[in-house]
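# Tertiary structure, described
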Amino acid sequence: GGRIVIVGASLAGLRAAEALREKGFRGQLTIIGDEPYEPYDRPPLSKQVLLGHAPADHTKLPRRRAIDAEWRFGVAATGLDRAAKHVHLANGEQVRYDLLLIATGVRARPWFNPAEAALDGVFCIRTRDDATGLREALAAGPRRVLIVGAGFIGSEVASICRELDLAVTVCEMAEAPLVGALGGVIGRIAAEMQRDHGVDLRTGVSVTSLVGDANGRLQSAILSDGSTIEVDVAVVSLGSKRNVEWLEGSGLAAGAFGVGCDAGGRAFDINGVATDSIYAVGDVARAPHALYEYQFLAMEHWDNAVLGAEVAAHNMVSLEPDRRPHLLLPGFWSGQFGVNIKSVGVPSFGDEIVFTQGSVESRSFVAAYGRRGRTVAAVTFDQGKWLEYYAGLIAQSAPFPPPAPGWDQPAEMTP
Ligand code: FAD
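Now for a look at the structure at hand.

Here is what the cut-offs are and how they apply
- Residues numbered from 1 in each chain as written.
- Predicted model: local features only at pLDDT ≥ 70, side-chain atom pairs only at ≥ 80, totals over all residues.
- Heavy atoms only, no water.
- Pairing = 2+ DSSP bridges.
- Helix = DSSP H or I, 4+ residues; strand = E, 2+ residues; numbered from the N terminus.
- Axes fitted to C-alpha atoms, helices over the stretch in contact; angles between N-to-C directions.
- Salt bridge = Lys/Arg side-chain N within 4 Å of Asp/Glu carboxyl O.
- Buried < 20%, exposed > 50% of the residue type's maximum accessible area, 1.4 Å probe, protein only.
- Expected span 1.5 Å × (residues − 1).
- Contact = heavy atoms within 4.5 Å.
- Lys, Arg positive; Asp, Glu negative; His and termini not counted.

### Quick notes on the sheet that holds strand β13 (residues 207–212)
Paired through backbone hydrogen bonds, the strands of a sheet run either parallel or antiparallel to each other. If you trace the three strands from one edge of the open sheet to the other, you get β13-β14-β15, paired in antiparallel fashion. The sheet is open, and its two edges are formed by β13 and β15 (228–230), each paired on a single side. Between one strand axis and the next, the sheet turns through 25° on average, direction left out of account. Strand direction decides the pairing type here: β13 and strand β14 (residues 218–223), joined by five bridges, are antiparallel. Looking at β14, one finds that V207 is bridged to L223.

See the structure below:
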């Protein structure tokens, strides 16, 4: 019985709602989302949607089961009163909960200058509407595109632009693309890949301002090396900010780092004590990970939202005293420049890297990451079939460099 309120109606919120019903929760379920849409999938936004292969309204997340919930779309939660167990909504309503799940995710980190961000032609990409707007801008004839920041999303958009045969310049402050997530060795491979595909990649420079014409249309960008480039479209892809402002004053351990929670999803209060009635999952949550020295990891990945939702839902309704920990391995995928990149573990945690299989020249390989003599992550370029093998090694903290897969390892399945 009782009432469970979920704030955030996206991947983590939907999967948690389904899991709660799956696990026998029969009380009232209310899901509050500030977007006007039913839960949809974000990965296709920087891939198929930009290419024009699927309109943004075809990204609705498939439902796993009926969940008999009260959905509140288009209304934001603006506050949390833990003493009264109320969530305050933007329309003045208060919603009472017995258990609360925070799944408010992140938003794109906006361009630092609001007047420049408002120029016609400047985009971020996080939502359906963002993707629709950018798609229209890219499809509107010959365009010169500037990508500000070469993380995963920026690199994916650069790749799409080349597929669309658009001139694209990528500016990255680090020495190469993807360095923050995957390190410099893989970053250099990514840089070559971008240049081979005709991207004008500028590294070690930042964009200092975006300049508009008299009609408020983006016209050019000024870089930190003093150069100016003419552009029609700029995609600001500088990472994310966590949606935690509505939790201010609630006494929860929530801030720019996210919502701190234990391995079972229970949110911590500001004294570091896990609450009994509030949980957090998905991109907004940060839990310590036993395999990574109990560091509070940011895991802004699809798998983490799905599996975290499952664990939190279990812990919210289960009567078992031992709460299931969130011990899953982080992992993600990305498609760019014709290569399928996959990762398991936490590459940024490693300080050594070794290529274990395949070949770097053909951009089809496995790289393993180590720290203090053990294997902590693996990244594959077009060799995703090996991911499970490395996941097994990482879960066991296997020695680094890791053993090559032997003949008893599952090889590629032949149909
Ligand atoms: P979100 O999807 O961010 O959902 C949070 C929801 O809460 C949003 O709808 C938000 O508007 C809402 N909300 C926020 N504040 C409030 C409030 N106060 N009140 C009510 N509602 C609120 N991951 C991968 O592993 N592989 C990929 O290839 C990949 N590609 C991606 C491409 C793009 C363009 C983007 C944006 C993300 C990609 N991701 C990818 C990441 C993946 O989409 C996220 O990890 C996932 O969406 C996280 O789900 P979530 O439910 O935790 O958060």
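Back to the write-up after that little detour.
### A word on the pattern of salt bridges
Inspection of every chain in the model, using the stated rule, returns 22 salt bridges. With a shortest N-O distance of 3.7 Å, E192 and R363 are connected by a salt bridge. Taken together, the residues span a long stretch of sequence, with E192 in helix α7 (residues 184–196) and R363 in the loop between β26 (352–359) and β27 (364–371) at a distance of 171 residues. R363 gets classed as buried once you look at its relative accessible area, which sits at 15%. In this structure, E293 engages R372 in a salt bridge whose closest nitrogen and oxygen atoms are separated by 2.7 Å. Within this pair, whereas E293 is found in the loop between β22 (285–289) and β23 (295–297), its partner R372 is found in the loop between β27 and β28 (374–381), the two being separated by 79 residues in sequence. By relative accessible area, E293 is classed as partly exposed at 37%. Exposure remark for R372: the relative accessible area of 65% places this residue in the exposed category. Each of the salt bridges in this network shares a partner with another, and the network as a whole consists of R3, E70, R72 and E93.

### Comments concerning helix α1 (residues 11–22)
For α1, built from 12 residues, the straight-helix expectation of 16 Å at 1.5 Å per residue is met to within 8% by its first-to-last C-alpha distance of 16 Å. Most of α1 is tucked away: 11 of the 12 residues are buried. Where the residues of α1 are buried, they touch β1 (3–7), β2 (28–33), β3 (70–73), β7 (99–102) and α8 (302–317). Positioned one or two residues after α1, G24 has a phi angle of 95°, which is positive.

### With respect to the environment of L166
Here L166 is to be found in the loop between α5 (152–163) and β11 (167–172). For the pair L166 and V199, spaced 33 residues apart in sequence, the C-alpha to C-alpha distance is 9.5 Å. When near neighbours in sequence (up to four residues on either side) are disregarded, L166 contacts L138, G141, R143, V145 and C161.

### Observations regarding the side chain of R21
One can find R21 in helix α1. No salt bridge forms around the buried R21; measuring N to O, its nearest opposite-charge neighbour D68 is 4.2 Å away. What R21 contacts, discounting residues up to four positions off in sequence, is R26, G27, L29, R65, I67 and D68.

### Considering the sheet that holds strand β12 (residues 200–203)
Across the sheet, five strands lie side by side as β9-β16-β10-β11-β12; this open sheet has parallel pairing. What marks the edges here is a single partner per strand, and that holds for β9 (122–123) and β12. The pairing of strand β10 (residues 144–148) with strand β16 (residues 233–236) spans four bridges and is classified as parallel. Bridge pairing links V148 to V236 in β16.

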